[in-house]
Amino acid sequence: MSRNLLILGGNGFIGAETVKQFIQTGKYDITVVNRGRWPWDYEETVKKHVNVHYEAVIDFSGYVPQVVQKAIEFLDGRFGLYIYISTDSVYEVCAKSHDGLTREEDAVRPADLGEQQRLNEKDQYGHKKLECEELIVLEHEKRKFPYLFLRLCDVFGSRNSEEKWWQYQIWIKFYDVIAKPIYLPQQLADMPSSYVTNEDVARTVVAILESPNSAIYNQAFNLAWDDVFTLRQLLTDMMSEYGRNPNEIQFEDSMQYWFYFPSVKRGPISTEKSKRMLGFTTTPWREAFEKTFYFYEAALRNNAKDREPVIEEMLREVVDETQHDQFRQAIAANCANESR
């Protein structure tokens with residue numbers, strides 16, 4: 001008999017990958033609630049497979065507590081486990097009291113209300129996500145459903161709707177045409193950070209439901225590679241993949257462009273608890289990097305629908321107006337050359 005899931009936000013970067021992996025098990029009827037947008041090829045690979053009802057709720061879309069509360073109230077008594085996809089940004093608004101990797105128990109707000117307000121104003125995203133966690137705990141105490149918090153660090157992989165990885169890759173590939181140093185703020189360039197792939201997150205969510213274990217309920221878990229990386233290392237790996245000498249590419253210490261990596265300033269997170277209690281594992285870094293890199297390399301040639309918004313943003317934010325025509329021509333030539 002099929003097992004029923006409700007997935008909130010199942011058409012995005014991480015959610016859709018999770019839906020796809022559940023579909024591949026052949027064991028689940030899946031209801032996806034989203035805002036109606038199906039990017040990349042998920043219209044075919046995911047949307048047409050979804051069905052109705054719920055053994056568990058997996059919430060990828062709860063960014064403010066009011067929305068999470070409405071979902072829990074609406075579903076009251078009609079779901080089992082509530083898995084909330086959270087973020088390591090919650091630690092940005094907390095009072096970490098030790099050096100080293102950030103652990104799950106560090107998600108405690110400062111006792112001083114003034115310091116709370118200062119941190120909340122500095123990172124509204126982390127503040128709201130932690131508010132969602134706090135709300136779920138209160139609702140758990142009231143309604144007695146089990147929950148899990150999966151705190152993700154910076155996530156990369158194919159089909160990322162944020163598209164910042166892709167923009168870095170395009171900037172490096174067409175560096176000579178763009179004729180502009182790559183923005184690399186000194187304060188971020190060598191900051192150690194944690195990363196994880198959307199596929200590893202999805203595999204973990206599926207494993208939690210495939211092997212139910214009440215001992216892990218009502219807790220938070222960090223998900224990340226054990227290895228830590230810097231933005232400079234990431235860009236250097238991209239350059240190497242294109243056969244470029246990093247010494248040939250100039251960087252500019254500028255914050256005028258929005259940066260996706262890294263998204264937090266508190267540093268890497270510990271995954272000791274996740275490995276011990278969830279059996280969490282990750283794809284080897286090189287394998288994950290190459291899969292992501294060559295996905296976007298192919299998409300640059302073959303996926304005009306998703307390529308065009310990225311090109312338009314780069315024309316607005318990165319490429320000087322004097323280079324617009326040359327940049328467009330270089331993109332077109334790349335597509336033509338690769339299609340032969």
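Residues numbered from 1 in each chain as written. Predicted model: local features only at pLDDT ≥ 70, side-chain atom pairs only at ≥ 80, totals over all residues. Heavy atoms only, no water.

Enquirer: How should I be thinking about the overall build of the protein in this particular structure?
Expert: When helices and strands are tallied, the protein shows 14 helices and 10 strands. Its C-alpha atoms give the protein a radius of gyration of 21 Å, within 12% of the compact-globule value 20 Å for 340 residues. Relative to its full complement of 340 residues, the protein shows a buried share of 54%. Intrachain contacts of the protein at a sequence separation of at least 6 include 82% that bridge at least 24 residues. Only carbon and sulfur atoms are counted for the fraction: they give 48% of the accessible area of the protein, which is about 15500 Å². (Helix = DSSP H or I, 4+ residues; strand = E, 2+ residues; numbered from the N terminus. Rg over C-alpha atoms; globule rule 2.2 N^0.38 Å. Buried < 20%, exposed > 50% of the residue type's maximum accessible area, 1.4 Å probe, protein only. Contact = heavy atoms within 4.5 Å. Areas by Shrake-Rupley, 256 points an atom, 1.4 Å probe, with all protein chains shown as cover.)

Enquirer: How should helix α4 (residues 113-122) be read in this particular structure?
Expert: Turn by turn, an α-helix covers 3.6 residues, leaving residues three or four places apart pointing in a common direction. Those residues of α4 lying buried are Gln116, Leu119 and Asn120. Along the axis of α4, the buried positions cluster into a sector of 100°, meaning they face one direction only. For α4, the exposed residues lying more than 90 degrees away from the buried face are Glu121 and Lys122. The N-cap of α4, judged by a side-chain oxygen 3.1 Å from the amide nitrogen of Gly114 a few residues on, is Asp112. (Arc of directions from axis to C-beta. Polar contact = N/O pair within 3.5 Å; in protein donor to acceptor, adjacent residues only side chain to side chain.)

Enquirer: Help me understand the nonpolar core, please; the structure alone is not making it clear to me.
Expert: Taken as a class, soluble globular proteins show a tendency for nonpolar side chains to be buried jointly. Core analysis: the biggest nonpolar cluster contains 42 residues, and Ile170, Leu235, Met238 and Phe327 have the highest contact counts within it. Elements supplying a minimum of two residues to this core: α6 (164-173), α7 (175-178), β7 (182-183), α10 (231-241), α12 (285-302), α13 (304-317) and α14 (324-339). In terms of residue count, the dominant contributor to this core is α12 (8 residues). Beyond its immediate stretch of four places on either side in the chain, Ile170 contacts Ile178, Leu300, Val310, Ile311, Met314 and Phe327. (Core = buried A, V, L, I, M, F, W, Y, C linked by side-chain atoms within 4.5 Å.)

Enquirer: Would you mind showing me how to read the sheet that holds strand β9 (residues 219-223) here?
Expert: Whether parallel or antiparallel, the strands of a sheet pair through hydrogen bonds between backbone atoms. As summarised here, the arrangement of the 6 strands in space is β2-β1-β3-β4-β5-β9, forming an open sheet in which the pairing is parallel. The sheet is open, and its two borders are formed by β2 (28-33) and β9, each paired with just one other strand. The average angle at which neighbouring strand axes cross in this sheet is 20°, direction not considered. Here strand β4 (residues 81-87) pairs with strand β5 (residues 147-152) via 6 bridges, running parallel. (Pairing = 2+ DSSP bridges. Axes fitted to C-alpha atoms, helices over the stretch in contact; angles between N-to-C directions.)

Enquirer: Explanation requested: the packing of aromatic side chains in the structure shown.
Expert: In this description, an aromatic ring pair is defined by two values, namely the gap between the centres and the angle between the planes. The full count for this structure, using the stated rule, is 24 aromatic pairs. Residues Trp166 and Tyr296 carry aromatic rings whose centres are separated by 5.3 Å and whose planes lie at 35° to one another, so their mutual orientation is tilted. Separated by 130 residues along the polypeptide, Trp166 in helix α6 and Tyr296 in helix α12 bring together distant segments of the chain. On the accessibility criterion, Trp166 (1% relative accessible area) is buried. Judged by relative accessible area, Tyr296 falls into the buried class, the value being 1%. (Phe/Tyr/Trp six-rings, centres within 6.5 Å; stacked < 30°, edge-to-face > 60°.)

Enquirer: Before we go on, may I ask you to explain the pattern of salt bridges in this structure?
Expert: It is possible for side chains bearing opposite charge to pair when their charged atoms get close. Considering all chains together, one arrives at 25 salt bridges under this definition. The shortest N-O distance in the salt bridge between Asp190 and Arg232 comes to 2.8 Å. On the criterion of sequence distance, the pair formed by Asp190 in the loop between α8 (186-189) and β8 (195-197) and Arg232 in helix α10 is long-range, its members being 42 residues apart. Among the residues examined, Asp190 registers a relative accessible area of 39% and is labelled partly exposed. (Salt bridge = Lys/Arg side-chain N within 4 Å of Asp/Glu carboxyl O.)

Enquirer: Got a minute to help me understand the packing of α6 against α12 in this structure?
Expert: Any two packed helices are characterised by how steeply their axes cross, that is the angle between the axes, and by the distance between the axes. The geometry of α6 relative to α12 is characterised by a closest axis approach of 10 Å and an angle of 70° between their N-to-C directions. With respect to each other, α6 and α12 are oriented roughly perpendicular. Contacts from Trp165, Trp166, Gln169, Ile170 and Lys173 of α6 reach α12 at Phe289, Thr292, Phe293, Tyr296, Glu297, Ala299 and Leu300. When the residues that make up the contact of α6 with α12 are grouped by side-chain class, the tally is 8 nonpolar, 2 polar and 2 charged. (Parallel < 35°, antiparallel > 145°, perpendicular 65-115°, else oblique. Nonpolar A, V, L, I, M, F, W, Y, C, P; charged D, E, K, R; others polar.)

Enquirer: Please clarify how unusual backbone geometry should be interpreted in this entry.
Expert: One can expect most non-glycine residues to show negative phi and most peptide bonds to be in trans. Look at Lys144: it is not a glycine, yet its phi comes out positive at around 70°. Note that Lys144 resides in the loop between α5 (124-143) and β5. A positive phi angle, near 55°, is found at Ala179, a position not held by glycine. Assessed through its relative accessible area of 51%, Ala179 is described here as exposed.

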